[in-house]
Amino acid sequence: MANKYVTVTAPVNIATLKYWGKRDRFLNLPTNSSISVTLSQDDLKTTTSVCYSKNFESDALYLNGNEESLSSPRQQSCLKLLRKCRIEKEEQDPSLDKIASLPLHIVSVNNFPTAAGLASSAAGYAAMVYSIAKLYQLDLDRSELSKIARQGSGSACRSLYGGFVAWEMGSLDNGSDSKAVQIAPRAHWPGIRAAILVVSAAKKEVPSTGGMQLTVKTSDLFDYRVKQVVPARYEEMKKAILAKDFGVFAELTMKDSNSFHAVCLDSYPPIFYMNDTSKRIVKVITTINEAYGRNVAAYTFDAGPNAVIYYEEKDEDIVLGTLHEFFGSVPGWAKKSGKSFSVPRKFPIEKF
Ligand code: PMV
């Protein structure tokens, strides 16, 4: 039996309607449905190769060049579910190689800071699940794979699809209806762009699972958010995406980022993910939107201080030009070098 390997890439997705709270911590079932935009493969992504061999002593994971433990319950539940599917396939077709029991080596590389609130676990688990499913030649569609990836990291289920993606929370206790679905492919609204402002590449202080648990247990606002705010926002945001209404999409995105950070602050003790630079970014985006009299851009922050700014391609010069004026001294503008942003500023820079 020849050794085989498969390589895949999975992009990061950034939630515009945030998942925050688990109703079942073992199956990773959320307390609310969520929505995200999957970034382009040219931006932030994980590349994962996976290989089986009878010569390997045990399963192993190499992340960004270092061997990492593969023993966490979440990693193990993904591996077990994928192996179970392969065993069923081998039982149905005895001519298939018996590879389900062979050790796997998983080699994964992120082209961006890991665990810094830039959805590295989303891309990481999506790539791991997708690569093993391909290696095992499983006949599972992406929604089925999303249920497996969800058990690694909730938000990973959304990285199985490109474009605009919803994670339907589901209602069943066994999680069989808690899955990702595509709201619209990227081609539906190709003009949407995302700028990622890496405020800090340090690992986040409060990992999302612990943070969520604290919020669910202690925040008074949390119940209001999941019962009153998010269900209505979920429907409105889907509508705005289908109608390509950037103004509404941007407003809902910013409001939901605010609401998520509000329940973090309302946790006891409070969780602070945004820092002073993040707040300055909020002010810059708010000022651009006020100056132009419409929502030109939307900010959103996950479990860390880094910002993702959504905007439409037609407004790229306004958005990137203004951000460049404020944050031009930090590295990372390479793609745009050579292009000057000659945007007439509509507000005095001294305001900041
Ligand atoms: O999937 P996790 O456990 O890393 O949690 C992700 C939580 C947020 O990024 C803050 C929100 C989201 O929906 O992605």
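The structure presented is a predicted model; accordingly, all values stated were derived computationally and were not measured. (Residues numbered from 1 in each chain as written. Predicted model: local features only at pLDDT ≥ 70, side-chain atom pairs only at ≥ 80, totals over all residues.)

Each strand in a sheet pairs with its neighbour through backbone hydrogen bonds, running either in the same direction (parallel) or in the opposite one (antiparallel). One open sheet accounts for five strands, arranged β1-β6-β9-β7-β8; its pairing is mixed. Each of the sheet's edge strands pairs with one partner strand only, and the pair in question is β1 (4-11) and β8 (66-68). Ignoring which end each strand starts from, the neighbouring axes of this sheet average 25° apart. The pairing of β1 with strand β6 (residues 45-52) spans eight bridges and is antiparallel. Each bridged residue has a counterpart across the sheet, and for Pro 11 the counterpart in β6 is Lys 45. (Pairing = 2+ DSSP bridges. Helix = DSSP H or I, 4+ residues; strand = E, 2+ residues; numbered from the N terminus. Axes fitted to C-alpha atoms, helices over the stretch in contact; angles between N-to-C directions.)

All right, on to the sheet that holds strand β13 (residues 297-301) then. Spatial ordering of the open sheet is given by β12-β14-β13, a layout of three strands whose pairing is antiparallel. The sheet is open, and its two borders are formed by β12 (192-197) and β13, each paired with just one other strand. Taken pair by pair, the neighbouring strands of this sheet meet at an average axis angle of 25°, ignoring direction. Relative to strand β14 (residues 307-312), β12 is paired through six bridges, and the arrangement is antiparallel. When the bridges of β14 are listed, Ile 192 appears paired with Glu 312.

Attention shifts here to the domain arrangement of the protein chain. By domain assignment, the protein chain separates into domain 1 (4-186) and domain 2 (192-351). A C-alpha centroid distance of 26 Å is found between domain 1 and domain 2. Counting from both sides, the interface comprises 25 residues of domain 1 and, opposite them, 34 residues of domain 2. For the side of domain 1 that touches domain 2, the elements supplying multiple residues, two or more each, are β2 (13-17), β5 (34-38), β10 (164-168) and β11 (179-184). Per-element tally for the side of domain 1 that touches domain 2: the top contributor is β2, with four residues. Classifying every residue of the side of domain 1 that touches domain 2 by side-chain character gives 17 nonpolar, six polar and two charged. (Domains from an automatic or database assignment. Contact = placed C-beta atoms within 7 Å. Nonpolar A, V, L, I, M, F, W, Y, C, P; charged D, E, K, R; others polar.)

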